[in-house]
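# Observations on the three-dimensional arrangement
The chain contents come next:
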Amino acid sequence: PTGSTGTAGGTSSGSGTTTASAFSGAWGSSNIAGLPLGNCADVKWLITAQTASSVSGTVTASCASGVSVAANLTGTIQSEDVITLVATGTLTAMGVPCQVTLNATGTRQPGDTMKVDYNGIHCFGTVSGSETLRKFPNI
């Protein structure tokens, strides 16, 4: 009757999961700097599954230039505010698919934002940069 059960364990899925659940959800930005995407209105980093130590989901982008990105996202929770992410998928430009891989570190910021520092490779070259993603309440 103390009311404290489940708060120390990492496997509880209820009132003791504030740390892990903070990464879950839809995160968005207007672009992924360094990729040949052009003007993008719909970049989503979507974390759809989460355990006490890992996350998974997708990265998608649809851009005015006709370029799109579809990638699988996996990650490891490093601390309550930091996750490492790997996105592997396809960048399609002018109908031609191209493999793309991004390695990133996401750091939660105030106001439901996350700074993502990334680097990677695609068939047009290498990419690196930083994006500030905003968390969306609904997708």
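Okay, so let's go over this structure.

What follows covers the nonpolar core. Membership of the largest hydrophobic core comes to 27 residues, with the highest contact counts inside it found for Trp 45, Ile 47, Leu 73, Ile 83, Leu 85, Met 114 and Val 116. Looking at this core element by element, the count peaks at five residues for strand S5 (residues 82–93). Apart from residues lying up to four places away in sequence, Ile 83 is in contact with Phe 23, Ile 47, Thr 76, Ile 77, Gln 78, Ala 104, Thr 105, Gly 106 and Met 114.

A complete count under the given rule lists zero aromatic pairs for this structure. Above the plane of the ring of Phe 23 lies Arg 108, whose end atom (NZ or CZ) is 5.7 Å from the centre.

Enumeration over the complete set of coordinates arrives at two salt bridges. For Arg 108, the salt bridge identified is with Asp 81, shortest N-O distance 2.9 Å. Residue Arg 108 is found in strand S6 (residues 96–109), and its partner Asp 81 is found in the loop between strand S4 (68–77) and S5; the two are separated by 27 residues along the sequence. Relative accessible area serves as the criterion here: at 28%, Arg 108 is assigned to the partly exposed category. Salt-bridge contacts for Lys 115 lead to Asp 117; the nearest nitrogen and oxygen are separated by 3.7 Å. Residue class for Asp 117 comes out partly exposed when judged on its relative accessible area of 32%.

A few words now on unusual backbone geometry. The backbone phi angle of Met 94 is positive, close to 50°, even though this residue is not glycine. Looking at the secondary structure, you find Met 94 in the loop between S5 and S6.

About the thresholds
Residues numbered from 1 in each chain as written. Predicted model: local features only at pLDDT ≥ 70, side-chain atom pairs only at ≥ 80, totals over all residues. Heavy atoms only, no water. Core = buried A, V, L, I, M, F, W, Y, C linked by side-chain atoms within 4.5 Å. Buried < 20%, exposed > 50% of the residue type's maximum accessible area, 1.4 Å probe, protein only. Helix = DSSP H or I, 4+ residues; strand = E, 2+ residues; numbered from the N terminus. Contact = heavy atoms within 4.5 Å. Phe/Tyr/Trp six-rings, centres within 6.5 Å; stacked < 30°, edge-to-face > 60°. Lys NZ or Arg CZ within 6 Å of the ring centre and 35° of its normal. Salt bridge = Lys/Arg side-chain N within 4 Å of Asp/Glu carboxyl O.

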